[in-house]
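Architecture at a glance
Here's the letter readout for the chains.
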Amino acid sequence: MKHFINLDDLSSKDLNQIIDSAIVLKKQHKSGQINQTLAHKTLAMIFDKSSTRTRVSFEAGMAQLGGHALFLSNRDIQLGRGEAIVDSAIVIGSMVDAILMRVSSHQDINTFAQNANVPIINALSDESHPCQLLADMMTYKEHKGDIQGKTVAWIGDGNNMCHTYMQAAQAFNFTLNIATPENYQPYPSFMEKYASHVRLFTDAQSACQAVDLIVTDVWASMGQEDEQKKRALAFKDFQVNDALMLHAKSDAAFMHCLPAHRGEEVSVSVIDGKQSLVWNEAENRLHAQKALLLYLLS
Ligand code: CP
Ligand code: NVA
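Residues numbered from 1 in each chain as written. Chains lettered and ligands numbered in written order. Predicted model: local features only at pLDDT ≥ 70, side-chain atom pairs only at ≥ 80, totals over all residues. Heavy atoms only, no water.

**Re the nonpolar core**
- If you look at the biggest cluster of nonpolar residues, it comprises 58 residues, and the most contacted ones within it are Phe4, Ile121, Tyr165, Phe172, Phe174 and Leu176.
- Per element, the largest residue contribution to this core is eight residues, and it comes from helix α6 (residues 160-172).
- With near-sequence residues (within four places) excluded, tyrosine 165 lies in contact with Leu133, Asp136, Met137, Val152, Trp154, Phe174, Leu176, Leu213, Val215 and Met255.
- If you look at the next biggest cluster of nonpolar residues, it comprises 21 residues, including Leu244, Ala252, Leu258 and Ala260. (Core = buried A, V, L, I, M, F, W, Y, C linked by side-chain atoms within 4.5 Å. Buried < 20%, exposed > 50% of the residue type's maximum accessible area, 1.4 Å probe, protein only. Helix = DSSP H or I, 4+ residues; strand = E, 2+ residues; numbered from the N terminus. Contact = heavy atoms within 4.5 Å.)

Quick look at the structure:
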(Lines give C-alpha, C1' and ligand atoms only; values in the text may rest on other atoms or scores of the structure.)
(Ligands and ions follow the chains in the order given, each with its own letter.)
Protein backbone atom coordinates (compact mmCIF):
# COMPACT_ATOMS: atom_id res chain seq x y z
CA MET A 1 0.00 0.00 0.00
CA LYS A 2 1.27 3.48 -0.92
CA HIS A 3 0.50 6.92 0.52
CA PHE A 4 0.88 10.32 -1.16
CA ILE A 5 1.81 12.60 1.72
CA ASN A 6 4.85 14.21 0.17
CA LEU A 7 5.75 14.32 -3.50
CA ASP A 8 8.86 12.25 -2.90
CA ASP A 9 6.91 9.39 -1.30
CA LEU A 10 6.84 8.15 -4.90
CA SER A 11 9.85 7.48 -7.12
CA SER A 12 10.63 9.81 -10.02
CA LYS A 13 9.71 6.99 -12.36
CA ASP A 14 6.26 6.57 -10.79
CA LEU A 15 5.66 10.34 -10.71
CA ASN A 16 6.49 10.59 -14.42
CA GLN A 17 4.24 7.64 -15.16
CA ILE A 18 1.34 9.30 -13.30
CA ILE A 19 1.83 12.47 -15.34
CA ASP A 20 1.93 10.58 -18.63
CA SER A 21 -1.17 8.65 -17.61
CA ALA A 22 -2.89 11.95 -16.69
CA ILE A 23 -2.25 13.30 -20.19
CA VAL A 24 -3.84 10.17 -21.68
CA LEU A 25 -6.81 10.28 -19.25
CA LYS A 26 -7.40 13.92 -20.20
CA LYS A 27 -7.61 13.04 -23.90
CA GLN A 28 -9.90 10.08 -23.19
CA HIS A 29 -12.19 12.19 -21.02
CA LYS A 30 -12.40 14.95 -23.62
CA SER A 31 -13.25 12.45 -26.34
CA GLY A 32 -16.13 11.08 -24.25
CA GLN A 33 -14.62 7.72 -23.30
CA ILE A 34 -16.10 6.17 -20.17
CA ASN A 35 -13.71 4.79 -17.54
CA GLN A 36 -15.25 2.92 -14.61
CA THR A 37 -12.05 1.51 -13.13
CA LEU A 38 -12.91 2.74 -9.62
CA ALA A 39 -16.51 1.45 -9.56
CA HIS A 40 -17.61 0.72 -5.96
CA LYS A 41 -14.57 2.50 -4.51
CA THR A 42 -15.06 5.26 -1.93
CA LEU A 43 -12.76 8.19 -1.17
CA ALA A 44 -13.25 10.02 2.14
CA MET A 45 -12.24 13.71 1.90
CA ILE A 46 -11.55 15.41 5.25
CA PHE A 47 -11.32 19.20 5.01
CA ASP A 48 -10.63 21.56 7.89
CA LYS A 49 -9.80 24.41 5.48
CA SER A 50 -11.59 25.89 2.46
CA SER A 51 -11.07 24.54 -1.04
CA THR A 52 -12.43 25.05 -4.55
CA ARG A 53 -10.02 23.22 -6.89
CA THR A 54 -9.04 20.33 -4.64
CA ARG A 55 -12.55 19.47 -3.57
CA VAL A 56 -14.16 19.80 -6.99
CA SER A 57 -11.39 17.94 -8.83
CA PHE A 58 -11.29 14.96 -6.47
CA GLU A 59 -15.08 14.73 -6.26
CA ALA A 60 -15.55 15.02 -10.04
CA GLY A 61 -12.57 12.71 -10.63
CA MET A 62 -13.99 9.93 -8.45
CA ALA A 63 -17.38 10.27 -10.17
CA GLN A 64 -15.76 10.13 -13.62
CA LEU A 65 -13.96 6.91 -12.64
CA GLY A 66 -17.18 5.28 -11.42
CA GLY A 67 -16.45 5.69 -7.70
CA HIS A 68 -17.78 7.87 -4.92
CA ALA A 69 -16.28 10.74 -2.91
CA LEU A 70 -17.48 11.66 0.55
CA PHE A 71 -16.99 15.30 1.62
CA LEU A 72 -16.31 15.43 5.38
CA SER A 73 -16.02 18.95 6.76
CA ASN A 74 -14.36 19.23 10.14
CA ARG A 75 -17.39 21.19 11.24
CA ASP A 76 -19.58 18.12 10.77
CA ILE A 77 -17.52 15.11 11.81
CA GLN A 78 -16.56 14.19 15.39
CA LEU A 79 -12.88 14.85 14.64
CA GLY A 80 -13.74 18.56 14.73
CA ARG A 81 -15.29 18.09 18.18
CA GLY A 82 -12.15 16.53 19.57
CA GLU A 83 -12.49 12.81 18.81
CA ALA A 84 -8.98 11.34 18.86
CA ILE A 85 -7.14 11.40 15.52
CA VAL A 86 -6.13 7.76 15.93
CA ASP A 87 -9.73 6.67 16.61
CA SER A 88 -10.99 8.64 13.59
CA ALA A 89 -8.30 7.11 11.38
CA ILE A 90 -9.14 3.53 12.41
CA VAL A 91 -12.89 4.01 11.96
CA ILE A 92 -12.88 5.94 8.67
CA GLY A 93 -10.16 3.68 7.27
CA SER A 94 -12.28 0.61 8.00
CA MET A 95 -15.09 1.90 5.76
CA VAL A 96 -13.48 3.50 2.69
CA ASP A 97 -10.79 2.70 0.12
CA ALA A 98 -8.69 5.87 0.48
CA ILE A 99 -8.64 9.04 2.58
CA LEU A 100 -7.72 12.54 1.47
CA MET A 101 -6.91 15.19 4.08
CA ARG A 102 -6.61 18.99 4.00
CA VAL A 103 -5.62 19.83 7.56
CA SER A 104 -3.44 22.39 9.31
CA SER A 105 -1.07 19.93 10.87
CA HIS A 106 1.07 17.76 8.63
CA GLN A 107 1.59 15.47 11.62
CA ASP A 108 -2.13 14.61 11.66
CA ILE A 109 -1.78 13.25 8.13
CA ASN A 110 1.11 11.04 9.23
CA THR A 111 -0.96 9.82 12.19
CA PHE A 112 -3.76 8.84 9.81
CA ALA A 113 -1.28 7.00 7.61
CA GLN A 114 -0.05 5.03 10.60
CA ASN A 115 -3.53 4.06 11.76
CA ALA A 116 -5.94 3.90 8.83
CA ASN A 117 -5.37 0.82 6.75
CA VAL A 118 -5.84 2.59 3.39
CA PRO A 119 -3.84 5.00 1.18
CA ILE A 120 -3.70 8.56 2.52
CA ILE A 121 -3.50 11.59 0.21
CA ASN A 122 -2.23 14.97 1.43
CA ALA A 123 -4.60 17.56 -0.05
CA LEU A 124 -2.55 20.44 1.49
CA SER A 125 -0.91 20.76 4.87
CA ASP A 126 1.19 23.44 6.52
CA GLU A 127 4.23 21.61 5.07
CA SER A 128 3.36 20.63 1.53
CA HIS A 129 0.86 20.38 -1.36
CA PRO A 130 1.92 17.40 -3.50
CA CYS A 131 -1.30 17.13 -5.55
CA GLN A 132 -0.74 20.64 -6.91
CA LEU A 133 2.72 19.71 -8.14
CA LEU A 134 1.37 16.77 -10.15
CA ALA A 135 -0.84 19.25 -12.01
CA ASP A 136 1.96 21.81 -12.38
CA MET A 137 4.42 19.27 -13.79
CA MET A 138 1.75 17.92 -16.13
CA THR A 139 0.95 21.44 -17.34
CA TYR A 140 4.60 22.24 -17.99
CA LYS A 141 5.00 19.03 -19.96
CA GLU A 142 1.92 19.70 -22.10
CA HIS A 143 2.96 23.26 -22.96
CA LYS A 144 6.76 23.22 -22.91
CA GLY A 145 7.95 19.60 -22.84
CA ASP A 146 10.34 17.98 -20.39
CA ILE A 147 11.21 20.10 -17.34
CA GLN A 148 14.43 18.18 -16.68
CA GLY A 149 17.43 20.53 -16.84
CA LYS A 150 15.27 23.66 -16.83
CA THR A 151 15.37 26.48 -14.25
CA VAL A 152 12.30 27.52 -12.26
CA ALA A 153 11.97 30.61 -10.05
CA TRP A 154 9.84 30.49 -6.92
CA ILE A 155 9.01 34.07 -5.85
CA GLY A 156 7.42 34.97 -2.51
CA ASP A 157 6.67 32.94 0.59
CA GLY A 158 8.76 29.90 1.52
CA ASN A 159 5.53 28.06 2.27
CA ASN A 160 3.88 24.68 1.61
CA MET A 161 3.90 25.24 -2.17
CA CYS A 162 7.54 26.33 -2.11
CA HIS A 163 8.48 23.19 -0.14
CA THR A 164 6.76 21.01 -2.69
CA TYR A 165 8.56 22.77 -5.55
CA MET A 166 11.81 21.92 -3.74
CA GLN A 167 10.80 18.26 -3.71
CA ALA A 168 9.79 18.49 -7.36
CA ALA A 169 13.17 20.00 -8.28
CA GLN A 170 14.85 16.86 -7.02
CA ALA A 171 12.26 14.41 -8.34
CA PHE A 172 12.08 15.95 -11.84
CA ASN A 173 15.70 17.12 -11.91
CA PHE A 174 15.39 20.87 -12.48
CA THR A 175 17.02 23.83 -10.70
CA LEU A 176 14.85 25.89 -8.36
CA ASN A 177 15.77 29.52 -7.62
CA ILE A 178 13.90 30.69 -4.54
CA ALA A 179 13.54 34.40 -3.70
CA THR A 180 11.84 35.24 -0.42
CA PRO A 181 11.98 38.10 2.09
CA GLU A 182 14.43 37.43 4.90
CA ASN A 183 12.07 36.00 7.48
CA TYR A 184 9.98 33.92 5.09
CA GLN A 185 12.42 31.30 3.88
CA PRO A 186 11.53 27.62 3.53
CA TYR A 187 12.13 25.18 6.40
CA PRO A 188 15.92 24.79 7.02
CA SER A 189 15.45 20.99 6.96
CA PHE A 190 14.15 21.31 3.39
CA MET A 191 17.02 23.61 2.41
CA GLU A 192 19.42 20.96 3.61
CA LYS A 193 17.64 17.98 2.09
CA TYR A 194 17.12 19.47 -1.38
CA ALA A 195 20.28 21.64 -1.47
CA SER A 196 21.59 19.97 -4.63
CA HIS A 197 18.67 21.37 -6.69
CA VAL A 198 17.85 24.62 -4.87
CA ARG A 199 19.43 28.11 -4.76
CA LEU A 200 18.31 30.80 -2.33
CA PHE A 201 18.13 34.50 -3.35
CA THR A 202 17.18 37.63 -1.46
CA ASP A 203 15.92 39.56 -4.48
CA ALA A 204 13.38 38.46 -7.04
CA GLN A 205 15.23 39.89 -10.07
CA SER A 206 18.35 37.77 -9.56
CA ALA A 207 16.24 34.64 -9.03
CA CYS A 208 14.42 35.19 -12.33
CA GLN A 209 17.48 35.62 -14.61
CA ALA A 210 16.92 33.50 -17.75
CA VAL A 211 14.51 31.08 -16.04
CA ASP A 212 11.99 28.92 -17.92
CA LEU A 213 9.12 29.19 -15.44
CA ILE A 214 8.12 31.67 -12.72
CA VAL A 215 5.81 30.51 -9.92
CA THR A 216 4.30 32.33 -6.99
CA ASP A 217 1.58 31.95 -4.36
CA VAL A 218 -0.37 34.17 -1.97
CA TRP A 219 1.60 36.16 0.60
CA ALA A 220 -0.67 35.06 3.47
CA SER A 221 -1.79 31.43 3.34
CA MET A 222 -4.95 30.06 4.93
CA GLY A 223 -4.69 30.51 8.68
CA GLN A 224 -2.34 33.54 8.34
CA GLU A 225 -5.06 36.08 7.58
CA ASP A 226 -4.22 38.21 10.62
CA GLU A 227 -0.64 38.63 9.32
CA GLN A 228 -1.89 40.03 6.00
CA LYS A 229 -0.80 43.64 6.61
CA LYS A 230 2.62 42.75 7.97
CA ARG A 231 3.20 40.37 5.09
CA ALA A 232 2.07 42.85 2.43
CA LEU A 233 4.86 45.12 3.64
CA ALA A 234 7.50 42.39 3.81
CA PHE A 235 6.63 41.03 0.33
CA LYS A 236 6.17 44.34 -1.53
CA ASP A 237 9.27 43.79 -3.70
CA PHE A 238 8.25 40.22 -4.56
CA GLN A 239 5.35 40.83 -6.94
CA VAL A 240 5.47 38.91 -10.21
CA ASN A 241 4.79 41.67 -12.77
CA ASP A 242 5.83 42.55 -16.32
CA ALA A 243 9.14 44.07 -15.17
CA LEU A 244 10.07 40.86 -13.35
CA MET A 245 8.97 38.62 -16.24
CA LEU A 246 11.44 40.51 -18.47
CA HIS A 247 14.33 38.92 -16.53
CA ALA A 248 13.13 35.43 -17.49
CA LYS A 249 13.47 33.82 -20.92
CA SER A 250 11.15 35.46 -23.43
CA ASP A 251 9.07 32.28 -23.71
CA ALA A 252 8.98 31.63 -19.93
CA ALA A 253 5.71 30.43 -18.45
CA PHE A 254 3.92 31.70 -15.36
CA MET A 255 2.06 29.47 -12.87
CA HIS A 256 0.11 30.00 -9.65
CA CYS A 257 -1.77 27.32 -7.72
CA LEU A 258 -4.68 29.75 -7.13
CA PRO A 259 -6.59 31.31 -5.48
CA ALA A 260 -4.64 34.46 -6.48
CA HIS A 261 -4.71 38.02 -5.18
CA ARG A 262 -4.31 40.22 -8.26
CA GLY A 263 -2.27 43.33 -7.49
CA GLU A 264 -0.47 41.61 -4.59
CA GLU A 265 1.74 38.62 -5.44
CA VAL A 266 0.96 38.90 -9.16
CA SER A 267 -0.08 41.73 -11.45
CA VAL A 268 -3.22 41.49 -13.59
CA SER A 269 -1.05 41.77 -16.72
CA VAL A 270 0.91 38.61 -15.82
CA ILE A 271 -1.80 36.31 -14.47
CA ASP A 272 -4.18 37.22 -17.30
CA GLY A 273 -1.41 37.57 -19.87
CA LYS A 274 -0.06 35.36 -22.66
CA GLN A 275 2.61 33.60 -20.60
CA SER A 276 0.20 32.51 -17.88
CA LEU A 277 -0.83 28.84 -17.76
CA VAL A 278 -3.00 29.14 -14.65
CA TRP A 279 -6.33 27.96 -16.12
CA ASN A 280 -4.85 24.84 -17.64
CA GLU A 281 -2.89 24.30 -14.44
CA ALA A 282 -6.13 24.41 -12.42
CA GLU A 283 -8.00 22.11 -14.82
CA ASN A 284 -5.14 19.63 -14.74
CA ARG A 285 -5.78 19.03 -11.02
CA LEU A 286 -8.67 16.87 -12.24
CA HIS A 287 -6.69 14.77 -14.70
CA ALA A 288 -3.51 14.44 -12.61
CA GLN A 289 -5.45 13.32 -9.53
CA LYS A 290 -7.48 10.81 -11.53
CA ALA A 291 -4.16 9.29 -12.55
CA LEU A 292 -3.02 9.39 -8.90
CA LEU A 293 -6.22 7.66 -7.72
CA LEU A 294 -5.81 4.94 -10.33
CA TYR A 295 -2.17 4.50 -9.27
CA LEU A 296 -3.07 4.21 -5.56
CA LEU A 297 -6.30 2.22 -5.89
CA SER A 298 -6.29 -0.05 -8.89
N1 CP B 1 -4.76 25.24 -5.50
C2 CP B 1 -5.62 24.73 -4.62
O3 CP B 1 -5.34 23.76 -3.90
O4 CP B 1 -6.85 25.34 -4.63
P5 CP B 1 -8.02 25.14 -3.58
O6 CP B 1 -7.57 25.74 -2.28
O7 CP B 1 -9.19 25.86 -4.18
O8 CP B 1 -8.29 23.66 -3.42
N1 NVA C 1 -0.21 28.45 0.30
C2 NVA C 1 -1.63 28.42 0.11
C3 NVA C 1 -2.01 27.43 -0.96
C4 NVA C 1 -3.47 27.32 -1.23
C5 NVA C 1 -3.78 26.32 -2.30
C6 NVA C 1 -2.31 28.09 1.44
O7 NVA C 1 -1.80 27.23 2.18
O8 NVA C 1 -3.34 28.71 1.75
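There is more to say after this.
**Concerning the site of ligand 2**
- Taken together, Leu124, Asn159, Asn160, Asp217, Ser221, Met222, Cys257 and Leu258 make up the full set of residues adjacent to ligand 2.
- Serine 221 places a side-chain nitrogen or oxygen 2.7 Å from a nitrogen atom of ligand 2.
- The protein chains hide 95% of the 270 Å² of surface that ligand 2 would expose on its own.
- Of all the cavities here, the one that holds ligand 2 is the largest pocket.
- A per-class count over the shell around ligand 2 returns four nonpolar, three polar and one charged. (Near = heavy atom within 4 Å. Polar contact = N/O pair within 3.5 Å; in protein donor to acceptor, adjacent residues only side chain to side chain. Areas by Shrake-Rupley, 256 points an atom, 1.4 Å probe, with all protein chains shown as cover. 1 Å grid on protein atoms, 1.4 Å probe; cavity = no way out; pocket = protein on both sides within 12 Å on 5 of 7 lines; lining within 4 Å. Sits in = over half its atoms within 2 Å of the grid points. Nonpolar A, V, L, I, M, F, W, Y, C, P; charged D, E, K, R; others polar.)

**Looking at the packing of helix α5 (residues 130-144) against α6**
- Where α5 meets α6, the closest approach of the two axes is 9 Å, and the angle between their N-to-C directions is 55 degrees. With respect to each other, α5 and α6 are oriented oblique. Note that α5 runs across α6; the crossing there is right-handed. Between α5 and α6, the contacting residues are Pro130, Gln132, Leu133, Asp136 and Met137 on the first element and Met161, Thr164, Tyr165, Ala168 and Phe172 on the second.
- Its residues assigned to classes, the contact of α5 with α6 comprises seven nonpolar, two polar and one charged. (Axes fitted to C-alpha atoms, helices over the stretch in contact; angles between N-to-C directions. Parallel < 35°, antiparallel > 145°, perpendicular 65-115°, else oblique. Left-handed = near helix turned anticlockwise from the far one by under 90°.)

**Remarks on the packing of aromatic side chains**
- One pass over the full model with this rule turns up six aromatic pairs.
- A ring pair is formed by phenylalanine 47 and phenylalanine 71, whose centres lie 5.5 Å apart and whose planes are at 40 degrees; its orientation type is tilted. A residue pair is termed long-range when its members are at least 10 positions apart, and phenylalanine 47 in strand β1 (residues 42-47) and phenylalanine 71 in strand β2 (residues 68-73) qualify at 24 residues.
- The partly exposed category is assigned to phenylalanine 71, whose relative accessible area is 34%.
- Aromatic pair tyrosine 187 and phenylalanine 190: ring centres 5.7 Å apart, planes at 75 degrees, arrangement edge-to-face.
- Given the relative accessible area of 32%, tyrosine 187 is considered partly exposed.
- Through pairs of rings, three or more aromatic residues link up here, namely Tyr184, Trp219 and Phe235.
- Directly above the aromatic system of phenylalanine 71 lies the positively charged group of arginine 55, at a separation of 3.5 Å from the ring centroid. (Phe/Tyr/Trp six-rings, centres within 6.5 Å; stacked < 30°, edge-to-face > 60°. Lys NZ or Arg CZ within 6 Å of the ring centre and 35° of its normal.)

**Observations regarding the sheet that holds strand β3 (residues 98-102)**
- Strand order in the open sheet formed by four strands is β2-β1-β3-β4, and the pairing between neighbours is parallel. With partners counted over all chains shown, the strands left at the sheet margins are β2 and β4 (120-122), one partner each. Direction aside, neighbouring strands of the sheet carry axes that sit 20 degrees apart on average.
- Sitting on the sheet, helix α4 (residues 106-115) is in contact with β1, β3 and β4, with an inclination near 165 degrees to β4. (Pairing = 2+ DSSP bridges.)

**Brief notes about the environment of leucine 133**
- Residue placement: leucine 133 occurs in helix α5.
- With 148 residues separating them along the chain, leucine 133 and glutamate 281 place their C-alpha atoms 9.6 Å apart.
- Excluding residues within four positions of it along the chain, leucine 133 makes contact with Leu7, Met161, Thr164, Tyr165 and Ala168.

**Brief notes about the site of ligand 1**
- Neighbouring residues of ligand 1: Ser51, Thr52, Arg53, Thr54, Arg102, His129, Gln132, Cys257, Leu258 and Arg285.
- In the model, an oxygen atom of ligand 1 is placed 2.8 Å from a nitrogen or oxygen of the arginine 53 side chain.
- Separating a nitrogen atom of ligand 1 from a side-chain N or O atom of glutamine 132 is a distance of 3.0 Å.
- Within the complex, the protein chains bury 95% of what would otherwise be the 250 Å² of accessible surface of ligand 1.
- Under a 2 Å grid-point criterion requiring more than half of the atoms, the pocket assigned to ligand 1 is the largest pocket.
- Residues that form the shell around ligand 1 fall into these classes: two nonpolar, five polar and three charged.

**Some remarks on helix α1 (residues 12-30)**
- Compared with the 27 Å implied by 1.5 Å per residue over 19 residues, the 27 Å span of α1 between its first and last C-alpha is a close match.
- Listing the buried residues of α1 in full gives Asp14, Leu15, Ile18, Ile19, Ala22, Ile23, Leu25 and Lys26.
- Those residues of α1 hidden inside the fold are in contact with α5, α6 and α12 (278-297).
- Two residues or fewer past α1, glycine 32 is found with a positive phi of approximately 85 degrees. (Expected span 1.5 Å × (residues − 1).)

**Quick notes on unusual backbone geometry**
- Omega for the peptide link from leucine 258 to proline 259 comes to 0 degrees, which places this bond in the cis form.
- The phi dihedral of alanine 210 is positive, around 60 degrees, even though this residue is not glycine.
- Owing to a relative accessible area of 43%, alanine 210 belongs among the partly exposed residues under this scheme.

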